[in-house]
Amino acid sequence: MKPDILSPVTQSLPPRTRRGGSLFANENLDWLAHLLDDRFLIPGTSIRFGLDGIIGLLPWVGDVVAGLASCIFIVAAWFRGVPYITLTRMVVNLGIDVVIGSIPLLGDMFDIAWKANRRNYALMTRHLQQPHRHTWKDWIFLLFLALCLAAIFVVPLIMLIWLAEWIAHRI
């Protein structure tokens, strides 16, 4: 006798509030991510950009306004019950987008390539469909980020100590 093949069970996370599941519908968030990140196409290329890239052209203010608009995804994910580790990763994605995006011109090109809103929407939907399956990826991402930040601070410190010792031996 052949066993029955069952479809994979996906447990949906309960929303944190009563309105959490309906207030931020997937269709609305997908449309917003599309509008902010890839609504427009540069003719003759496959490069897509959205309002985030356009608003970001305004020095400093544009990146802050675009970052505030992008916070909608984090708020929606919280309302809908996404795990805190994923919310942390979403905040990091947005932080990278705002900080690097604030660099004139280079930051705007980064905004167009990074697409933080698309990333955050994908993280949210992935964790709503399979809540605990992918959390290890979030931990790996945050660990890698922490190691990079540590390297940013430790390498110059090591170089400074080495330089001080070299100067001390020369005197």
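This write-up is about the structure you can find in this document. Because the structure is a prediction, the values reported are computed rather than measured.

About the thresholds
Residues numbered from 1 in each chain as written. Predicted model: local features only at pLDDT ≥ 70, side-chain atom pairs only at ≥ 80, totals over all residues. Heavy atoms only, no water. 1 Å grid on protein atoms, 1.4 Å probe; cavity = no way out; pocket = protein on both sides within 12 Å on 5 of 7 lines; lining within 4 Å. Points joined across faces, edges and corners; volume = space filled by probe spheres on them. Nonpolar A, V, L, I, M, F, W, Y, C, P; charged D, E, K, R; others polar. Salt bridge = Lys/Arg side-chain N within 4 Å of Asp/Glu carboxyl O. Helix = DSSP H or I, 4+ residues; strand = E, 2+ residues; numbered from the N terminus. Buried < 20%, exposed > 50% of the residue type's maximum accessible area, 1.4 Å probe, protein only.

## Some thoughts on empty space enclosed by the protein
Move 1: In the structure shown here, the tally under the stated rule is one cavity of 30 Å³ or more.
Move 2: Here the largest cavity defines a volume of roughly 30 Å³.
Move 3: Every residue along the wall of the largest cavity is listed here: Leu 36, Asp 37, Gly 50, Asp 52, Gly 53, Asp 111 and Ile 112.
Move 4: Grouping the amino acids of the lining of the largest cavity by side-chain chemistry returns two nonpolar, two polar and three charged.

## Some words on the pattern of salt bridges
Move 1: Enumeration over the complete set of coordinates arrives at two salt bridges.
Move 2: A salt bridge links Arg 118 to Asp 30, with the shortest nitrogen-to-oxygen separation between them at 2.7 Å. Taken together, the residues span a long stretch of sequence, with Arg 118 in helix 7 (residues 116–129) and Asp 30 in helix 2 (residues 26–37) at a distance of 88 residues.
Move 3: According to the relative accessible area criterion, Arg 118 is partly exposed, its value standing at 23%.
Move 4: Residue classification places Asp 30 among the partly exposed residues on the basis of a relative accessible area of 32%.
Move 5: A salt bridge links Asp 38 to Arg 118; the shortest N-O distance between them is 3.4 Å. Taken together, the residues span a long stretch of sequence, with Asp 38 in the loop between helix 2 and strand 1 (40–41) and Arg 118 in helix 7 at a distance of 80 residues.

Coordinates in, geometry out; function isn't part of it.
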